[in-house]
Amino acid sequence: MQIEPREQLRLLDLADVDKSLNRLRHERNAIPELKTIEDADRQLAATRGDVVEAQTAQNDLDREIQRLEADIDSVRSRIARNQQRLDSGAVSSAKDVASLEHEMQTLHRRQSTLEDQELELMGRAEELEAQLKEVGSARQAVEEIRAGALAERDQKWAESDQTISMTQTQRDAMAATFDSELLALYDKIRATGVPGAALMTQRRCGGCRIELAGSELAAVRAAAPEEIVRCESCRCIMVRTHESGL
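Residues numbered from 1 in each chain as written. Predicted model: local features only at pLDDT ≥ 70, side-chain atom pairs only at ≥ 80, totals over all residues. Heavy atoms only, no water.

So what's going on with the overall build of the protein chain? Which residues, and what values?
If you tally the helices and strands in the protein chain, you get five helices and two strands. In sequence order, the secondary structure elements of the protein chain are arranged as α-α-α-α-β-α-β. Taken over the C-alpha trace, the protein chain has a radius of gyration of 42 Å; the compact-globule value for 246 residues is 18 Å, which it surpasses by more than 25%. Dimensions of the protein chain, computed from C-alpha atoms along their principal axes, come out at roughly 130 × 40 × 25 Å. Within the span of the protein chain, comprising 246 residues, buried residues form 31% of the whole. For the protein chain, restricting intrachain contacts to residue pairs at least 6 apart in sequence, the fraction spanning at least 24 positions comes to 74%. As displayed, the protein chain has an accessible area near 15,300 Å², and 49% of this comes from carbon and sulfur atoms. With 34 positive and 46 negative side-chain charges, the protein chain shows a spacing of 5 Å between the two charge centroids. (Helix = DSSP H or I, 4+ residues; strand = E, 2+ residues; numbered from the N terminus. Rg over C-alpha atoms; globule rule 2.2 N^0.38 Å. Buried < 20%, exposed > 50% of the residue type's maximum accessible area, 1.4 Å probe, protein only. Contact = heavy atoms within 4.5 Å. Areas by Shrake-Rupley, 256 points an atom, 1.4 Å probe, with all protein chains shown as cover. Lys, Arg positive; Asp, Glu negative; His and termini not counted. Charge placed at Lys NZ, Arg CZ, Asp CG, Glu CD.)

Right, here's the structure in full:
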């Protein structure tokens, strides 16, 4: 491909703009708020299981306490009925009175056992409630940090997007001034992850910084100024000037 040297030189300006675009896009995706949000999401995910587990245990305890309360009420009602029978004189024989009193003693022991179990479960429920409150407070703190980071991220992204858009507009306008075949080659090279064009200085390719020698250097020296020359290592277009050391 034959392109005027001054047109080749202009490729360096386009490469500078593309370099700026790459830097801006990298900076957009490397703002510290993204790491803060990622860490917050990880912490929230880790504690979500703790919350579900604690809530499940709390629900199980609540059901067990309700069952015990129902059993205690049933025992109390039975004791009250027996006591009423004794007080009313409805039970007259000594044998029946003794049997009823023995039953009431058994019911009182049963009531005491059930109430002890209930107190134990209520203590565990209080511990779970405190645990849930602690986890909830910790999650709220993380959520506040995350919300702040999201707001900062969105503000920085808006500023970055505006700068990127302006730079892209500048790039598009500049690219439109180049020969279409040259631009296509430049963009094809750039798509491989290396600069589309770079200044050759002191016999070194500006793209990969490798020094030319031997037959490659001889071929570049022999090439006409209008000829597009490319690095054998990185394949970028090498723009030659008086600094190229040829």
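Please give an account of unusual backbone geometry that cites residues and values.
Positive phi outside glycine occurs at Arg209, with the angle close to 65°. Counting through the fold element by element, Arg209 comes out in the loop between strand E1 (197–199) and helix H5 (214–222).

How would you summarise the nonpolar core if you had to cite specific residues and measurements?
Membership of the largest hydrophobic core comes to 30 residues, with the highest contact counts inside it found for Ile237 and Met238. Ile65, Leu68, Leu128 and Val135 belong to the second-largest nonpolar core, a separate cluster that totals 16 residues. (Core = buried A, V, L, I, M, F, W, Y, C linked by side-chain atoms within 4.5 Å.)

Tell me what's going on with the side chain of Glu118, and back it up with residues and numbers.
Within the secondary structure layout, Glu118 lies in helix H3 (residues 94–175). Arg76 is the oppositely charged side chain nearest to the buried, salt-bridge-free Glu118, at an N-O distance of 5.9 Å. Contact partners of Glu118, with chain neighbours within four places excluded, come to Ile65, Leu68, Glu69 and Ile72. (Salt bridge = Lys/Arg side-chain N within 4 Å of Asp/Glu carboxyl O.)

Please give an account of the packing of aromatic side chains that cites residues and values.
The relation between two aromatic rings is expressed through the spacing of the ring centres and the mutual angle of the planes. Under the criterion given, the structure shown has zero aromatic pairs. Across from the ring centre of Trp157, 4.1 Å away, lies the NZ or CZ of Arg28, which sits over that ring. (Phe/Tyr/Trp six-rings, centres within 6.5 Å; stacked < 30°, edge-to-face > 60°. Lys NZ or Arg CZ within 6 Å of the ring centre and 35° of its normal.)

Give a detailed account of the packing of helix H2 (residues 32–88) against H3, specifying residues and quantitative values.
Across the interface, H2 lies against H3 with an axial gap of 6 Å and an inter-helix angle of 160°. Between H2 and H3, the angle falls in the class roughly antiparallel. Here the hand of the crossing between H2 and H3 comes out left-handed. Grouping the constituent residues of the contact of H2 with H3 by class yields 31 nonpolar, 11 polar and 22 charged. (Axes fitted to C-alpha atoms, helices over the stretch in contact; angles between N-to-C directions. Parallel < 35°, antiparallel > 145°, perpendicular 65-115°, else oblique. Left-handed = near helix turned anticlockwise from the far one by under 90°. Nonpolar A, V, L, I, M, F, W, Y, C, P; charged D, E, K, R; others polar.)

An account of the packing of helix H1 (residues 5–28) against helix H4 (residues 180–190) is needed here, citing residue identities and associated values.
At a closest axis distance of 12 Å, the pairing of H1 and H4 adopts a crossing angle of 40°. Compared by their axis directions, H1 and H4 come out oblique. Here the hand of the crossing between H1 and H4 comes out right-handed. For the pair formed by H1 and H4, the contact residues are Glu7, Leu11, Leu14, Ala15 and Asp18 on the first element and Leu182, Leu183, Tyr186 and Arg190 on the second. Residue composition of the contact of H1 with H4, grouped by class: six nonpolar, no polar and three charged.

Shape descriptors only; they carry no functional weight alone.
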